[in-house]
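In case you want the letters, here they are:
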Amino acid sequence: MNASSLPPLRKTDYEALSDFRHQLRKFERFSENAAQAEGITPLQYVTLLHIKGMRERPWASIGELADRLQAHSHGVVALVSRCEAAGLVERRQNAEDRRLVEVHLLEKGEAVLARLAALHREELKMLGGVIHRSIQPY
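Summarised in this report is the structure supplied together with it.

The side chains of a regular strand alternate between both faces of the sheet. The buried fraction of strand S3 (residues 101-105) amounts to 4 of the 5 residues, a majority that puts the element mostly inside the structure. Two elements, strand S1 (residues 59-61) and S3, share 3 bridges in a ladder whose sense is antiparallel. From the neighbouring strand, Ser61 faces S3, where its bridge partner is Glu102. The pairing of strand S2 (residues 89-93) with S3 spans 5 bridges and is classified as antiparallel. Residue pairing in the sheet places Glu90 in a bridge with His104 of S3.

This is the structure we're talking about:
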């Protein structure tokens with residue numbers, strides 16, 4: 001799909017998109033400040049969240065984290081190393097496939113994530129109505 005095949009935008013569409021981007025940036029700023037107040041980087045918070053958020057298992061691979069973070073694997077390896085040095089995660093070899101490295105949350109990572117995720121959930125509840133109103137069907 002390209003832009004020329006879409007219906008033209010109205011002024012209200014631009015307003016809605018602008019409102020949405022504004023609320024999205026406010027949420028990002030909130031998230032950055034909350035993570036830093038916990039002594040971690042925003043990217044470390046998102047990494048912890050993606051590990052805990054993996055469906056049907058309590059760990060993530062480097063490749064899965066790279067996909068979730070939309071980053072290169074070598075950058076994620078460095079990020080996981082920093083999380084490991086901070087005592088937030090640990091790497092383990094997969095029991096069935098020794099080539100696969102699992103990234104698991106440690107107790108400290110679980111505690112930091114629980115506090116931050118609770119704050120983020122409350123912030124999203126407050127923004128929910130604003131974001132919903134910003135995105136109206138055409």
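Another aspect to go through is the sheet that holds S2. Spatial ordering of the open sheet is given by S1-S3-S2, a layout of 3 strands whose pairing is antiparallel. The open sheet has two edge strands with one neighbour each: S1 and S2. Between one strand axis and the next, the sheet turns by 35° as a mean value, whatever way the strands run. The sheet strands contacting helix H2 (residues 42-52) are S1, S2 and S3, and the helix crosses S3 at an angle near 105°. Together, S1 and S3 form the strand contacts of helix H3 (residues 62-69), whose direction differs from that of S1 by roughly 85°.

Turning to the packing of aromatic side chains, a few remarks are in order. Throughout the structure, instances matching the rule amount to 1 aromatic pair. Over the aromatic face of Trp59 sits the side chain of Arg57, whose NZ or CZ is 4.0 Å from the ring centroid.

Across all of its chains, the model carries 13 salt bridges by this definition. Among the salt bridges present, the one from Arg29 reaches Glu32, with a minimum N-O distance of 3.4 Å. Here Arg29 pairs with Glu32, and both are found in helix H1 (residues 11-37), just 3 residues apart, close to one helical turn. In this structure, the salt-bridge partner of Glu122 is Arg121, at a minimum N-O distance of 3.9 Å. A residue is classified by how much of its surface remains accessible, and Glu122, at 40% relative accessible area, is partly exposed. Connected via shared salt-bridge partners are Arg25, Glu28, Arg29 and Glu32.

Here we take up the environment of Leu100. The residue Leu100 is located in the loop between S2 and S3 in this model. With a relative accessible area of 28%, Leu100 lands in the partly exposed category. Measuring from C-alpha to C-alpha, the distance between Leu100 and Ser61 comes to 7.2 Å, with 39 residues separating the pair along the chain. Dropping the residues within four chain positions of it, Leu100 is found in contact with Trp59, Ser61, Arg92, Gln93 and Asn94.

Time to look at H1. An ideal rise of 1.5 Å per residue puts 39 Å on 27 residues; H1 measures up with 39 Å between its terminal C-alpha atoms. Along H1, the positions that sit buried rather than exposed are Asp13, Gln23, Phe27, Ser31, Ala34 and Ala35. The positive-phi residue at the C-terminal boundary of H1 is Gly39, with phi of around 85°.

Close contact between H2 and helix H4 (residues 73-85) brings their axes to 10 Å; oriented N to C, the two are set at 90°. Of the possible angle classes, the one that applies to H2 and H4 is roughly perpendicular. The segment H2 lies against H4, with Leu43, Gln44 and Thr47 engaging Leu79, Arg82 and Cys83. In terms of residue class, the contact of H2 with H4 is made up of 3 nonpolar, 2 polar and 1 charged.

Rules used in this analysis
- Residues numbered from 1 in each chain as written.
- Predicted model: local features only at pLDDT ≥ 70, side-chain atom pairs only at ≥ 80, totals over all residues.
- Heavy atoms only, no water.
- Buried < 20%, exposed > 50% of the residue type's maximum accessible area, 1.4 Å probe, protein only.
- Helix = DSSP H or I, 4+ residues; strand = E, 2+ residues; numbered from the N terminus.
- Pairing = 2+ DSSP bridges.
- Axes fitted to C-alpha atoms, helices over the stretch in contact; angles between N-to-C directions.
- Contact = heavy atoms within 4.5 Å.
- Phe/Tyr/Trp six-rings, centres within 6.5 Å; stacked < 30°, edge-to-face > 60°.
- Lys NZ or Arg CZ within 6 Å of the ring centre and 35° of its normal.
- Salt bridge = Lys/Arg side-chain N within 4 Å of Asp/Glu carboxyl O.
- Expected span 1.5 Å × (residues − 1).
- Parallel < 35°, antiparallel > 145°, perpendicular 65-115°, else oblique.
- Nonpolar A, V, L, I, M, F, W, Y, C, P; charged D, E, K, R; others polar.

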